[in-house]
Amino acid sequence: MIESLLVANRGEIARRIIRTAKRLGIRVIAVHSEADADLPFVAEADEAVLIGPPNPALSYRNTEAILAAAKSAGAQAIHPGYGFLSENAEFARTVEASGLIWVGPDADAITAMGDKINARNLMAAAGVPVAPGTTDPAADLDAAVTAAAEIGYPVMVKAAAGGGGMGMGVAVDEAALRTEYDKVRAFAERMFGDGSVLIERYFPRVRHVEVQILGLADGRVVALGERECSVQRRNQKLVEESPSPAVSPELRSRLLAAAVRAGEAVGYRNAGTVECLLDPSTGEFFFLEMNTRLQVEHPVTEYVYGIDLVEEQLRVASGLAPTFDPDALTPGGHAIEMRINAEDPKRFLPGPGVIRTWVEPTGEGVRVDSGYTEGNTVTPFYDSLLAKLIVSGATRDEALDRAKAAVAAFQIEGPKNNVPFFAELLTNDEFLSGAYDTGIVSRMR
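Cut-off values and rules
- Residues numbered from 1 in each chain as written.
- Predicted model: local features only at pLDDT ≥ 70, side-chain atom pairs only at ≥ 80, totals over all residues.
- Heavy atoms only, no water.
- Axes fitted to C-alpha atoms, helices over the stretch in contact; angles between N-to-C directions.
- Helix = DSSP H or I, 4+ residues; strand = E, 2+ residues; numbered from the N terminus.
- Parallel < 35°, antiparallel > 145°, perpendicular 65-115°, else oblique.
- Left-handed = near helix turned anticlockwise from the far one by under 90°.
- Contact = heavy atoms within 4.5 Å.
- Pairing = 2+ DSSP bridges.
- Buried < 20%, exposed > 50% of the residue type's maximum accessible area, 1.4 Å probe, protein only.
- Polar contact = N/O pair within 3.5 Å; in protein donor to acceptor, adjacent residues only side chain to side chain.

Draft legend 1. Quick peek at the packing of helix α7 (residues 141-151) against helix α8 (residues 174-192). Look at α7 against α8: their axes get within 10 Å of each other, and the N-to-C directions meet at 135°. Considering the angle they form, α7 stands oblique to α8. The hand of the α7/α8 crossing is right-handed. Taking contact as the criterion, the partners of L141, A144, V145 and A148 in α7 are, on α8, E174, L177, R178 and Y181.

Draft legend 2. Representation of the sheet that holds strand β19 (residues 385-393). An order of β13-β12-β9-β10-β11-β14-β19-β17 is seen for the eight strands of this open sheet, with the pairing classed as antiparallel. Bordering the open sheet on either side are β13 (284-291) and β17 (366-370), each of which pairs with just one other strand. Ignoring strand direction, the axes of neighbouring strands in this sheet form an average angle of 25°. Here four bridges tie strand β11 (residues 236-242) to strand β14 (residues 334-341), and the two strands are oriented antiparallel to one another.

Draft legend 3. Highlighting the sheet that holds strand β7 (residues 168-171). The strand order across the open sheet formed by three strands is β7-β6-β8, and the pairing between neighbours is antiparallel. In the strand order of this sheet, the two ends are held by β7 and β8 (197-201), each with one partner. The mean angle between the axes of side-by-side strands here comes to 25°, regardless of whether they run parallel or antiparallel. In terms of strand pairing, strand β6 (residues 155-159) meets β7 through four bridges, oriented antiparallel. Within the sheet, the bridge partner assigned to M156 lies in β7 and is V170.

Draft legend 4. Focus on helix α5 (residues 107-114). Taken as a whole, α5 has its buried residues at A107, A109, I110, A112 and M113. Lining the buried residues of α5 we find α4 (89-97), β5 (101-102), α6 (116-125) and β13. N-cap assignment for α5: the residue whose side-chain oxygen lies 3.1 Å from the backbone N of D108 is D106.

What follows is the structure, given as structure tokens:
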């Protein structure tokens, strides 16, 4: 097993990784910006290294500073968490070239799945269903108009290098396409340094379902069930649950088999997620993208399968067998995760500030993965995620009951937060029925 680990991240995911690593007897090094010096993850690590000012480009995305910290602290491995450098193939290559262990998939897999068009084509070749769309970037507006006419409106205009719901727009006709194409292209060039755009069929009523995969040290790829991720605002997830209320045993079998094929197609190792769009009216699903990292919502899978995904990541990176029998994976129960963000619960606009009160819910089947505590300042420099509230139960109904009680008990004063939104959602008939889709939040608003 790895003996010393640098966590190249912050907030709740840094604390999450630190918790497992310390349980396994691994010495943990945290890196932090000037803005995060007082956050819990810094104090909980065995050693902490300041790597720069608040600007992420000068700290959490500063590869030279992170590698220098790893060298000075004697780290043996680097875990990137999610976001920041987690899906940066060049960083992964540099880490390994420096003689360190990269806790994640290899750089070639990150590269292969990082470009949406390349990923679509790879998946189609592997027999994974893909939505109708372009097989090459739409070189200019005329090419986009031609492609959209062939696919049929409405279409989704997507940044080929994007991810996490960023760099996307919907066009219902040619006039809208002309506007969205220019908008997405400009955003993609600014955010990703790559203005390539693809055009895909858009499904007005669709569910977002993903499969957790794990590429083992012996070369096998296993699927650890699916997660429902359809409660979203601006294509960003707010709630995830496992198993999906929309997935039958027969559909689950097809979904998981396709996800395994996706992983095998790129020789995948470590944790990853195959994201799909599901048409609830037909039962058809289509490959959306593959996230070559640990997901924010991984705890719901941990509950349902009774495993620690961070531990499994560390075991794969160490060349060790998993803690479970890959041939006898048995899910059980139901889990729901809610992302507690520092944002207005109506318009979902960020609301940083000093946390005056922070009281986390407790009880059977309740888990809180938090990045902050009372007295901390939520700054405007990073993602608005404060914590993840995860609940589990033997059934979905039991998990929902625990979710209602946990939300009512979660007290946060200071920054704006979206806890009131979850109280509203948990009384919404559409959500409670399980028959919801990605438009549920917009219908609530």
